[in-house]
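Structural description and commentary
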Amino acid sequence: MALLAATEWAEFSFAKESLRLSDSALSKQVSTLEDAGYVEVRKEGAGRRRRTKLRLTQRGRSAFEGHVAALRRIIEASVVPEQSA
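Now for a description of the structure that goes with this document. The residue numbers shown here count from 1 along each chain, following its written sequence. Where local features are concerned, this predicted model is filtered to residues with pLDDT of at least 70; where side-chain atom pairs are given and counted, the filter is 80 or more; whole-chain, interface and lining totals use all residues. Computation of side-chain values covers all heavy atoms of the structure but excludes hydrogens and water.

Quick word on the pattern of salt bridges
What counts is decided by this rule: By definition here, a salt bridge exists when the distance from a side-chain nitrogen of Lys or Arg to a carboxyl oxygen of Asp or Glu is within 4 Å. Comment: elements are numbered from the N terminus, with helices defined as DSSP H or I runs of at least four residues and strands as E runs of at least two. Each residue's exposure class comes from its accessible area (1.4 Å probe, protein chains only) as a fraction of the maximum for that residue type: buried when under 20%, exposed when over 50%, partly exposed otherwise.
Counting across every chain of the model gives six salt bridges. Among the ionic pairs, E8 bridges to R55, the shortest N-O distance being 2.9 Å. Residue E8 is found in the loop between helix 1 (2-5) and strand 1 (10-11), and its partner R55 is found in strand 3 (residues 51-56); the two are separated by 47 residues along the sequence. Look at R55 and you get partly exposed, because its relative accessible area is 23%. A salt bridge links E40 to R42; its shortest N-O distance comes to 3.6 Å. By relative accessible area, which is 24% here, E40 ends up partly exposed. Residue R42 is classed as partly exposed on the basis of its relative accessible area, which comes to 35%.

With respect to the environment of S31
Secondary-structure assignment places S31 in helix 3 (residues 23-35). With a relative accessible area of 36%, S31 lands in the partly exposed category. Separated by ten residues in the primary sequence, S31 and V41 have C-alpha atoms spaced 9.0 Å apart.

Considerations on the pairing of strand 2 (residues 39-44)
Put simply, the rule reads: Here the rule is simple: two strands pair whenever DSSP picks up at least two bridges between them.
The pairing of strand 2 with strand 3 spans six bridges and is antiparallel. By the bridge assignment for strand 3, V39 is matched with L56. Taken together, strand 2 and the strand that follows it, strand 3, pair antiparallel across an intervening segment of six residues, in which G45 is found at a positive phi of about 80°.

Regarding the packing of helix 2 (residues 12-19) against helix 3
Stated formally: To obtain an axis, a line is fitted to C-alpha atoms, over the contacting stretch when the element is a helix, and the angle between two such axes runs from 0 to 180 degrees between their N-to-C directions. Any angle between 65 and 115 degrees counts as roughly perpendicular, while under 35 counts as roughly parallel, over 145 as roughly antiparallel, and the rest as oblique. In this analysis, two residues are considered to be in contact whenever any of their non-hydrogen atoms come within 4.5 Å of each other. Polar here means any residue outside two lists: the nonpolar Ala, Val, Leu, Ile, Met, Phe, Trp, Tyr, Cys and Pro, and the charged Asp, Glu, Lys and Arg; Gly therefore counts as polar.
Relative orientation of the contacting elements helix 2 and helix 3 amounts to 110°, with a least axis distance of 10 Å. It follows from the interaxial angle that helix 2 and helix 3 lie roughly perpendicular. Of helix 3, the residues touching helix 2 (which contributes F12, A15, K16 and L19) are D23, L26 and S27. A breakdown of the residues in the contact of helix 2 with helix 3 according to their chemical character gives four nonpolar, one polar and two charged.

Some remarks on the environment of L54
Summarising the element assignment, L54 is placed in strand 3. Taking C-alpha positions, L54 is 9.6 Å from E34, a pair spaced 20 residues apart along the chain. Setting aside anything within four residues of it in sequence, one finds L54 in contact with L4, E8, W9, A10, F12, A15, V30, V39, E40 and V41.

Observations concerning helix 3
Side chains that are three or four residues apart share a direction in an α-helix, a result of its 3.6 residues per turn. Formally: The span expected for a helix works out to 1.5 Å for each residue beyond the first.
The end-to-end C-alpha distance of helix 3, which contains 13 residues, comes to 18 Å, matching closely the 18 Å that a straight helix rising 1.5 Å per residue would cover. Following helix 3 by one or two positions, G37 adopts a phi angle in the positive range, close to 85°.

Dropping the structure here:
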């Protein structure tokens, strides 16, 4: 999700290499995110030139932003202010 949040579209091969996943492992993750309505998959070209592109949907982007905000709140709540000596 973070990788896709940083761009409009990402090629499957770029995501696979960046995340160091196998084709099948990334395909499973993408399918799960697509089923949830978080990722859109677009296949372009034909034959050996066929490329698969991925992008976050608006729903996916909102879910990711909500997750990041929740993590920030957890971090902020766990920071103990320094006491002066």
